[in-house]
Amino acid sequence: MLRTIELFAGAGGLALGIEKAGFETIGLIEFDQDACDTLKKNRPDWNVICEDIEKISCLDLEQYFYIKKGELDLLSGGAPCQAFSYAGKRLGFEDTRGTLFFNYALFLKKLQPKMFLFENVRGLLTHDNGKTYRTILNVFEDAGYEIKKQIMNAWDYGVAQKRERLMTIGIRKDLTERIHFKFPLPHEYKPVLRDILNNVPDSPYIPYGEKKRKIFEMVPPGGYWRDIDPEIAKDYMKSCWYMEGGRTGILRRLSMDEPSLTVLTSPSQKQTERCHPLEARPFTIRENARCQSFPDDWEFCGSLMSQYKQVGNAVPVNLAYEVAIEIKKALEGSINGLES
C-alpha cells in the first residue's frame with residue numbers, strides 16, 4: 001500500500017480524504033491537543049504525534065518513521081506561511097528559517113518522498129506581491145521537485161461549499177518520466193445545502209442573542225442586510241454602515257438552493273455571517289462538518305469553540321479525496337510502468 005506522512009494534520013480532513021483514496025498513513029504531526037484527541041479518537045491505529053513540528057523536523061526522520069530516504073510515497077500538509085525574510089534576497093530555503101514552512105521543507109529534504117501535496121489558501125499566490133509563494137516554489141525546486149499548481153474550488157468536487165484552496169503538487173525530478181499527474185476534472189453536478197442539510201445528527205451550537213435572532217428572522221433565505229428595514233440594518237451595523245463595498249457578509253442568511261460560503265472557525269462574526277437557511281441561528285458543529293464533507297461518525301474533541309475551529313480549519317474531505325485519488329493513479333502508473 002502507498003504510504004504517506006502528514007504535517008499540520010489538524011482535525012483530519014486532508015488525512016481522511018487521502019486515506020479514503022487508499023493510502024496508509026504512517027504518521028501525522030499536529031500541535032493542537034484537541035485536534036490530536038480528535039485524530040486519536042477516530043483513528044486509534046494512526047500514529048498521531050502531538051508535538052511541536054520543530055522538535056520533530058530536526059530528528060533523524062528515516063529512523064523516526066522507519067522508512068528510508070526516497071521510499072515515502074507522499075508527504076502532505078499545509079504549513080501556515082508567515083511573511084518570510086528577504087534580507088539576503090536569496091528567496092530560497094534559508095529565507096524560510098523561523099517559519100513553520102521551514103519544517104515542511106526539512107521533511108521534504110530529509111525524506112525525499114516520491115510526491116508531495118502542499119495545500120494553502122488562495123491568497124498565498126499574491127501574498128507580498130507573490131514573493132512568498134515564489135520563495136516556496138524555489139525551495140521545492142531546489143529540493144528536487146517538478147511543480148504543478150492549481151486553484152481548486154471545493155464546490156466543483158462534491159462539497160456543498162464555496163471554498164478555494166491553492167493545491168501545489170510536487171513530483172521528484174528523477175521520477176517525472178514515469179509519474180504523470182493531472183488535476184481532477186470538476187464534477188458536472190455541484191451540491192447545494194438542500195443536498196446535505198437533511199437528517200443531520202443533533203449537535204450543539206452557540207445561539208445568537210435575542211436581539212440578533214429577531215433581526216435574522218427578518219432576513220429571507222439567500223438575503224442579507226439590504227433585504228430588511230434600513231433603519232434596523234443601520235442600527236445593527238453601526239460603523240459598518242458607513243463602510244464602502246457591498247458588505248454582503250453582514251446579516252447574511254444562506255439559502256437551501258446555494259452552497260455554503262466558506263466555513264469559518266467561529267460560528268458568528270459580524271462581517272462574515274452564515275445564518276442557517278431555515279432557522280435564525282448559526283450552523284451546528286455537525287452541519288458545518290457536513291459542509292466540509294466530514295462523515296457523520298467523525299467526532300470532534302474539545303470545547304465547542306475548539307470544535308468550530310477544528311472544523312473551520314479543515315480541508316474538505318471530498319476535495320482531499322479527489323486530489324489524492326489522482327496522486328494515487330500517478331504513483332501506481334509509475335509502479336506498473338516500471339514492472340512492465
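From a predicted model like this one, the values you see are computed outputs, not experimental measurements.

Trainee: Account for the pattern of salt bridges, naming residues and giving values.
Mentor: Under the defined criterion, the tally for this structure stands at 22 salt bridges. A salt bridge links Glu217 to Arg213; the shortest N-O distance between them is 2.5 Å. The class of Arg213 is partly exposed, set by a relative accessible area of 26%. Overlapping salt bridges, with partners in common, bring together Glu210, Arg213, Lys214 and Glu217 in one network.

Trainee: Break down helix 6 (residues 131–142) for me, with residues and values.
Mentor: Taking 1.5 Å as the rise per residue, helix 6 with 12 residues should run 16 Å; its terminal C-alpha atoms sit 16 Å apart, in good agreement. All of the buried residues in helix 6 are Thr132, Tyr133, Thr135, Ile136, Leu137, Asn138, Val139 and Phe140. Along its buried surface, helix 6 packs onto helix 5 (100–111), strand 5 (115–121), strand 6 (145–153) and strand 7 (164–172). Gly144 lies just past helix 6 and shows a positive phi near 105°.

Trainee: Could you give an account of the nonpolar core, naming the residues involved and the relevant values?
Mentor: Side chains of a nonpolar character, in soluble globular proteins, are inclined to be buried together. Ranked by size, the top nonpolar core spans 34 residues in total, and within it Tyr104 and Phe107 carry the most contacts. When contributions to this core are tallied by element, the ones reaching two or more residues are strand 1 (3–7), strand 2 (24–30), helix 3 (53–57), helix 4 (61–65), helix 5, strand 5 and helix 6. Considering each element in turn, this core owes the most residues, eight residues, to helix 5. In this view, Phe107 contacts Ile5, Leu7, Ile29, Ile53, Ile56, Ser57, Leu61, Phe65, Leu75 and Gln112; residues no more than four positions away in its chain are not counted.

Trainee: Describe the packing of aromatic side chains, naming the residues involved and giving the relevant values.
Mentor: Summed over the entire model, instances satisfying the criterion amount to 18 aromatic pairs. Their ring planes at 55° and their centres at 6.2 Å tell us that Trp46 and Trp298 sit as a pair that is tilted. Taken together, the residues span a long stretch of sequence, with Trp46 in the loop between helix 2 (33–42) and strand 3 (48–50) and Trp298 in the loop between helix 10 (285–291) and helix 11 (304–313) at a distance of 252 residues. Directly above the aromatic system of Tyr321 lies the positively charged group of Lys20, at a separation of 4.9 Å from the ring centroid. Over the ring of Tyr205 we find Arg281, and its NZ or CZ is 5.2 Å from the ring centre.

Rules behind the numbers
- Residues numbered from 1 in each chain as written.
- Predicted model: local features only at pLDDT ≥ 70, side-chain atom pairs only at ≥ 80, totals over all residues.
- Heavy atoms only, no water.
- Salt bridge = Lys/Arg side-chain N within 4 Å of Asp/Glu carboxyl O.
- Buried < 20%, exposed > 50% of the residue type's maximum accessible area, 1.4 Å probe, protein only.
- Helix = DSSP H or I, 4+ residues; strand = E, 2+ residues; numbered from the N terminus.
- Expected span 1.5 Å × (residues − 1).
- Contact = heavy atoms within 4.5 Å.
- Core = buried A, V, L, I, M, F, W, Y, C linked by side-chain atoms within 4.5 Å.
- Phe/Tyr/Trp six-rings, centres within 6.5 Å; stacked < 30°, edge-to-face > 60°.
- Lys NZ or Arg CZ within 6 Å of the ring centre and 35° of its normal.

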